[in-house]
Amino acid sequence: MNTNAHHVGITVSDLDSTLAFYRDALDLPVVSRFEVGGEEFATAVSVDGASARFAHLDGGDVRVELVEYDPVGADTDEPTLNRPGATHLGLSVEDVDAAVADLPADAETLSEPQTTESGTRIAFVRDPEGNLVELLDA
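To start, this report covers the structure provided alongside it.

So, about the pairing of strand β4 (residues 63–70). Across five bridges, the pairing between strand β1 (residues 7–11) and β4 is parallel. Residue pairing across strands places glycine 9 opposite glutamate 65, the latter belonging to β4. In this structure, strand β3 (residues 51–58) lies alongside β4, joined through eight bridges in antiparallel fashion. Considered in β4, the bridge of alanine 52 is made with tyrosine 69. The loop that links β3 with its antiparallel partner β4 comprises four residues; one of these, glycine 60, has a positive phi angle of about 85°.

So, on to the environment of leucine 19. Here leucine 19 shows up in helix α1 (residues 15–25). With 46 residues separating them in the primary sequence, leucine 19 and glutamate 65 have C-alpha atoms 9.7 Å apart. Leaving out residues up to four positions away in the same chain, leucine 19 has contacts with Val30, Arg33, Ala55, Leu57 and Leu66.

Bringing the nonpolar core into the picture now. Tyr22, Leu26, Leu66 and Leu135 are the most contacted members of the largest nonpolar core, which has 25 residues in total. Looking at this core, the elements with two or more residues in it are α1, β3, β4, β5 (89–93), α3 (96–101), β8 (121–126) and β9 (132–137). Looking at this core element by element, the count peaks at five residues for α1. Beyond its immediate sequence surroundings of up to four residues, tyrosine 22 is in contact with Ile10, Asp27, Leu28, Leu57, Leu66, Leu89, Asp127, Asn131 and Val133.

Here is what the cut-offs are and how they apply
- Residues numbered from 1 in each chain as written.
- Predicted model: local features only at pLDDT ≥ 70, side-chain atom pairs only at ≥ 80, totals over all residues.
- Heavy atoms only, no water.
- Pairing = 2+ DSSP bridges.
- Helix = DSSP H or I, 4+ residues; strand = E, 2+ residues; numbered from the N terminus.
- Contact = heavy atoms within 4.5 Å.
- Core = buried A, V, L, I, M, F, W, Y, C linked by side-chain atoms within 4.5 Å.
- Buried < 20%, exposed > 50% of the residue type's maximum accessible area, 1.4 Å probe, protein only.

Structure, rendered in structure tokens:
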């Protein structure tokens with residue numbers, strides 16, 4: 001089997017506002033927007049009657065997929081990084097401090113940028129839906 005990463009999917013409740021954050025605040029170009037439905041899709045995602053709106057963004061070596069489902073599932077606990085099964089999207093930026101400074105005023109950050117023991121400069125932020133995004137100098 002020859003396996004390559006294709007995309008990282010993030011399920012959101014409001015595609016338009018979340019897309020604006022990734023596109024405008026994080027500078028990820030929109031590659032495509034589309035909708036999918038039908039019995040085969042509902043069966044594949046194991047959600048009765050499911051349809052979804054998608055936005056694909058260019059994340060460099062991997063595509064970032066934002067997806068809004070209908071019907072919407074139940075909310076989960078607020079994600080924390082040390083919870084088993086927790087996920088986050090890691091985005092390489094030229095300057096973590098500048099990237100954080102350029103975020104909208106209402107963007108939630110977990111802390112100011114930090115330099116780890118390995119020498120990597122990082123900052124974690126939340127998108128408008130509360131999903132964790134790591135910005136790192138790499």
